[in-house]
Amino acid sequence: MSVLVFKAILVLVLFLISLGIAAYSTYAERKVAAFLQDRIGPDRAGPFGLLQPIADGVKMFLKEEIIPNVSDKLLFIAGPCIFMLTALMTSAVIPWGKALEFGGQIYNLQVADINIGVLYVLGVVSLGVYGIMIGGWASNNKYALLGAVRASSQMISYELAMGMSVIAVLLMSNGTLSLNDIVASQGTGKLYGFIDISGMNWNVFYQPLGFIIFLVCAFAETNRTPFDLPESESELIGGFHTEYSSMKLGLYLFAEYINMFISSAVIACLFFGGYNFPGIDYLGTVLPHNVVSIISVAALFGKIFFFIFFFMWVRWTIPRFRYDQLMRLGWQVLMPLAIINVLITGAVLTYFGN
Amino acid sequence: MENTITDFDHKNEYTKLNLGPTHPATHGIFQNILTMDGEIIVDAEQTCGYIHRAFEKIAEHRPFYQITPLTDRLNYCSSPINNMGWHMTVEKLLGVQTPKRVDYMRVIIMELARISDHLICNSVIGVDVGALTGFTYVFQWREKIYDIFEEICGARLTTNIGRIGGLERDFSPACIQKIREFLKEFPAILIEFTKLLERNRIFMDRTIGVGGISAERALNYGFTGPNLRATGVDYDVRAMNPYCSYNDFDFIIPVGINGDTYDRFMVRQQEMWESHKIITQALENLPEGKYFAEVPQFYLPPKEEVYNNMEALIWHFKIVMGEADVPLGEVYHSVEGGNGELGFYLVSDGGRAAYRLHFRRPSFIYYQAYTEMIKGSTLSDAIVTLSSMNVIAGELDA
């Protein structure tokens, strides 16, 4: 099997996994919300309501599709498409596990190991805002426009702090921008130079502040509570997707969950060792290489699912910010903290000489 | 395109935004026409009348006992208080003295209604700042209060509870049991709800200093109830002009300082504790005796009397056909409703219906001050302010 065929299969699998996880995130969200709110949640469709996402999807497709007369039709359709497209693109650079090995041929579980992986992630995520902007503007609705304006200013503001917090991580990984190298470097070496647990040399132990900044920014980038101002249903009805119906609305809602999935994956890769897990080296000595690879994939997904749950947990616990408070937090708190974090990291690295 | 801005006068860059009549945050049907400068509200104009049902006019053609269902539909979050207020107004006109047991039973029902009203209002503030969990969490406790109402009168939301002169039946043992259970379990829930929001940093940032009004302005507008008390004025009809034996009970009147959304929230939270206290006292000291006063021309006789007794049958017929005469007179009675002083001004010319009946509806008064309170704030603030004032569309438009 040539590497190209393998990559094609990997792309297809990733595509399906992204969609599947997004679909079941909607189910999980409702179940988590129900759990936190002392309710039962969806339990009618299939056992434990497990067929609910499929029912929702079918419903979305069968709903009447309304394109407002006053809207810009081309852009109105383009908006959700762009949002969905960018949401699905990010998964290309995530290293999903240790490389597989069949007959001396090594198969990397990563679609593209580009040397600017981190930049690619930040760039594609920034493009996502166009989906919201275009959709909100093309609707020709004041509420949608307000939502779109909120979304764009929010995303631009928080990307800066996000980028700054990533720079501190990049400093630690000898300046490499490849996500694969960043993840691999967290699997080697001793934690703080003396705690010898293999696969535990995670960045979060060196960069707790950077991690918190990145996490907060990830919430803002995915438009989740407490940063769900663009679609705040009690103020702007639906925000940028007020006018959307049918599967175009579905694409917006779906892409939000894919974004959440990818954000969780990026958080896991940058700060929680990606596919590394404690004892990975020991397992490598007792189990076949490919089995360890599969366990490493499971470890990454375990981390991802935890963060997805965390996103939901926060959403159903705390209220949302007001627009000016959100801006103040982004520019006056997170941004300076991120810069200080970079300075401290740089100073420490220089002093101890790596 | 007709929307294109041609005149680049700054005034033309403002956007007109219709907040309502069907906006999810308006909790009912009212419209605000906002002039927005980006997110900031430059000017606002409120309209009302979307669900005006002409209750005051209808009431002029109805016998008194048929007006009770109309009052249900004023502030439907605490309809028992409205029902009782109307009954007490008629009793005042008739000069009827109700037995102590009736007063205490009424106090229990009214305070339960107050708790349910405040629960809804406070949890909806949470919903409007984006925290849905508290809302769904306390909603089941409102359901428990409704179970108690169901046990007392058979209805839940629009209760039509009680009669002129008393209640239609005594509290059943099951009802007393349910009230006791509620009193026992409710504090834990209220503490948990308080923990969820009261010291939450985001919630405090969203509500402190938002939608404030000074005590002077509030008094000028005619504010009453929690919204006035939040500004620091300790005016409570239950204490200032006690009705229904409220002076028998020991309770305090919580007041705020700034009159902002957070103070309104806190005043309501504290009032729920006071209501809990009042219900406990009333239930413990519930006097023995009759559960209705002697007003044969308005209080329906029991069914077995109707079937076996000539006099009772005649009264039953006269009441149901609305043929009971009302004495000549003019009376004003007010109760502390869920969100303020709910007054009934009744003028009778001695016929079989009211000559004129006016409901003093607190929501109508709050809503007049609404535009003043939101000018210069953001859209998000306007929505939180509206929900914290507990403006109920049914009461606003009557």
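Here the structure is a predicted model, which is why all the values come from computation and not from measurement.

A tally of regular secondary structure across chain B gives 16 helices and 6 strands. By the compact-globule yardstick of 21 Å for 398 residues, chain B fits well, its C-alpha radius of gyration being 22 Å. The C-alpha extent of chain B, read off along each of the three principal axes, is 85 × 45 × 35 Å. Within chain B, contacts between residues at least 6 apart in sequence are counted, and of these 70% link residues at least 24 apart. A total accessible area of about 15,700 Å² is found for chain B, and carbon and sulfur atoms account for 53% of it. For chain B, the centre of its 37 positive side-chain charges and the centre of its 52 negative side-chain charges are spaced 3 Å apart.

This part is about the pattern of salt bridges. Where side chains of opposite charge bring their charged atoms close, a pairing between them can arise. Residue and element names in this part refer to chain B. In this structure the tally under the stated criterion is 34 salt bridges over all chains. Note that R201 and D205 form a salt bridge whose closest N and O atoms lie 2.9 Å from each other. Highlighted residues: R201 and D205, both in helix α7 (residues 201–207), separated by 4 residues, approximately one helical turn. If you follow the salt bridges from partner to partner, you end up with E111, R114, R229, D236, R238, E271 and E336 in one network.

Time to look at the side chain of T86 of chain A. Residues and elements named next belong to chain A. With respect to the helices, strands and loops of the structure, T86 is situated in helix α3 (residues 73–89). T86 gets classed as buried once you look at its relative accessible area, which sits at 7%. Polar contacts involving the side chain of T86 include one to the main-chain carbonyl oxygen of F83, which spans 3.0 Å.

In this section: the interface of chain A and chain B. Between chain A and chain B, the contact holds 24 residues from the first and 34 residues from the second. Both faces combined, the contact of chain A with chain B buries some 2,400 Å², and carbon together with sulfur accounts for 55% of it. At the boundary of chain A with chain B, the tally comes to 2 salt bridges. Among the salt bridges present, the one from D381 of chain B reaches R322 of chain A, with a minimum N-O distance of 2.9 Å.

Next up on the list: the sheet that holds strand β5 (residues 340–348) of chain B. Residue and element names in this part refer to chain B. Taken in spatial order, the 3 strands make up an open sheet running β4-β5-β6, and their pairing is antiparallel. Edge positions in the sheet fall to β4 (329–337) and β6 (356–360), since each of these pairs with one other strand and no more. Direction aside, the axes of adjacent strands within the sheet are offset by 10° on average. Two strands pair when backbone bridges link them, and β4 and β5 are joined in this way by 9 bridges, in the antiparallel orientation. Bridge pairing in β5 places E336 opposite E341. Across the sheet, helix α14 (residues 362–374) is in contact with β5 and β6; its angle to β5 comes to roughly 120°.

Residues and elements named next belong to chain B. Summed over the entire model, instances satisfying the criterion amount to 47 aromatic pairs over all chains. Ring geometry for F135 and F139: centres 4.8 Å apart, planes at 55°, overall tilted. With F135 and F139 both in helix α5 (residues 133–153) and 4 residues apart, the pair spans about one turn of that helix. We classify F139 as partly exposed; its relative accessible area is 25%. Taking NZ or CZ as reference, K144 lies 4.4 Å from the ring centre of W141, over its face. Across from the ring centre of F364, 4.9 Å away, lies the NZ or CZ of R361, which sits over that ring.

Now for the environment of L183 of chain B. Residues and elements named next belong to chain B. Tracing the backbone through its elements, the reader meets L183 in helix α6 (residues 173–197). Overall, the relative accessible area of 11% leaves L183 in the buried class. Each C-alpha atom of the pair L183 and I33 lies 44 Å from the other, and the pair is 150 residues apart in sequence. With residues up to four places along the chain from it excluded, the contact list for L183 reads H276, I279, T280 and L283.

Next up on the list: the confidence of the model for chain B. For chain B, the mean per-residue pLDDT works out to 87, and 97% of the residues sit at or above 70. Across the assembled chains, the prediction reports ipTM 0.83 with pTM 0.87.

For any two helices packed against each other, the geometry is given by the interaxial angle and the distance between the axes. Residues and elements named next belong to chain A. Axis separation between α3 and helix α4 (residues 117–138) bottoms out at 7 Å; the angle between their running directions is 160°. Here α4 runs roughly antiparallel to α3, going by the angle between their axes. Judged by the sense of rotation from one axis to the other, the crossing of α3 with α4 is left-handed. Residues L75, F76, G79, I82, F83, T86 and M89 of α3 pack against Y120, V124, L127, G128, Y130, G131, I132, I134, G135, W137 and A138 of α4. Across the contact of α3 with α4, the residue classes tally to 13 nonpolar, 5 polar and no charged.

Here the focus is the side chain of N259 of chain A. Along the chain, the position of N259 of chain A falls in helix α8 (residues 246–271). Those residues in contact with N259 of chain A that sit more than four places away from it in its chain are F83, A87 and T222 of chain A.

Turning our attention to α6 of chain B. All names here are of chain B. The end-to-end C-alpha separation of α6 is 36 Å, in line with the 36 Å expected for 25 residues at 1.5 Å each. Its maximal kink placed at E185, α6 deviates by approximately 35°, while the proline P187 follows within four residues. Among the residues of α6, those classed as buried are C175, I176, I179, F182, L183, F186, P187, I189, L190, F193, T194 and L197. Contacts from the buried residues of α6 go to α4 (100–128), α5, α7 and α11 (261–284).

Next up on the list: the packing of α4 of chain B against α11 of chain B. All names here are of chain B. Two elements in contact, α4 and α11, have axes separated by 9 Å at closest approach and are oriented at 155°. When the axis of α4 is compared with that of α11, the two are roughly antiparallel. As for the relative orientation of α4 and α11, their crossing is left-handed in sense. Between α4, through Y104, V107, I108, E111, L112, R114, I115, H118, L119, C121, N122 and I125, and α11, the contact on the second element is made entirely by T261, F265, R268, Q269, E271, M272, S275, H276, I278, I279, A282 and L283. Grouping the amino acids of the contact of α4 with α11 by side-chain chemistry returns 14 nonpolar, 6 polar and 4 charged.

What counts and how
- Numbering of residues starts from 1 in each chain and follows the order in which that chain's sequence is written.
- Lettering of chains starts at A and numbering of ligands starts at 1, both following the order in which they are written.
- For a predicted model such as this one, the threshold for reporting local features is a pLDDT of at least 70, and the threshold for listing and counting side-chain atom pairs is 80 or more; totals across whole chains, interfaces and linings nevertheless cover every residue.
- Neither water nor hydrogens contribute to the side-chain values; these are computed over all heavy atoms in the structure.
- What counts as a helix is a DSSP run of H or I of at least four residues, what counts as a strand is a run of E of at least two, and both are numbered from the N terminus.
- Both definitions apply: the radius of gyration is a C-alpha atom measure, and the globule rule equals 2.2 Å times residues to the power 0.38.
- The contact rule is simple, with two residues in contact once any of their heavy atoms fall within 4.5 Å.
- Note that accessible areas follow from Shrake-Rupley with a 1.4 Å probe, and for residues the cover is restricted to the protein chains shown.
- Two residue types count as positive, namely Lys and Arg, and two as negative, namely Asp and Glu; His and chain ends fall outside the count.
- Note that the charge is assigned to NZ on lysines, CZ on arginines, CG on aspartates and CD on glutamates.
- By salt bridge we mean one thing: a side-chain nitrogen of Lys or Arg within 4 Å of a carboxyl oxygen of Asp or Glu.
- Exposure classes here rest on a 1.4 Å probe applied to the protein chains alone. A residue is buried below 20% of its type maximum, exposed above 50%, and partly exposed in between.
- The definition of a polar contact used here is a pair of N or O atoms within 3.5 Å, where within protein one atom must be able to donate a hydrogen and the other to accept one, and adjacent residues in sequence count solely through side-chain atom pairs.
- In this description, buried area is defined as the sum, over both parts, of the accessible area (probe of 1.4 Å) that is lost when the two are combined.
- For two strands to count as paired, DSSP must find a minimum of two bridges between them.
- An axis is simply a line fitted to the C-alpha atoms; with a helix, the fit covers only the stretch in contact. Between two such axes, the angle follows the N-to-C directions and lies from 0 to 180 degrees.
- Pairing of aromatic side chains here covers Phe, Tyr and the six-membered ring of Trp, requires ring centres within 6.5 Å, and sorts the geometry by plane angle: under 30 degrees stacked, over 60 edge-to-face, intermediate tilted.
- The rule for a charge over a ring is simple: NZ of Lys or CZ of Arg within 6 Å of the ring centre, and within 35 degrees of the ring normal.
- Confidence scores per residue from the predictor, reported as pLDDT, run from 0 to 100.
- For classification purposes, angles smaller than 35 degrees are called roughly parallel, those larger than 145 roughly antiparallel, those between 65 and 115 roughly perpendicular, and all remaining angles oblique.
- Should the near helix be turned anticlockwise from the far one by less than a right angle, the crossing is left-handed, and should it be turned clockwise, the crossing is right-handed.
- Residue polarity follows a fixed list, in which Ala, Val, Leu, Ile, Met, Phe, Trp, Tyr, Cys and Pro are nonpolar, Asp, Glu, Lys and Arg are charged, and the others, Gly among them, are polar.
- Multiply 1.5 Å by the residue count of a helix minus one, and that product is the helix's expected span.
- Take the seven residues that end at a residue and the seven that start at it, fit an axis to each, and the angle between those axes is the bend at that residue.

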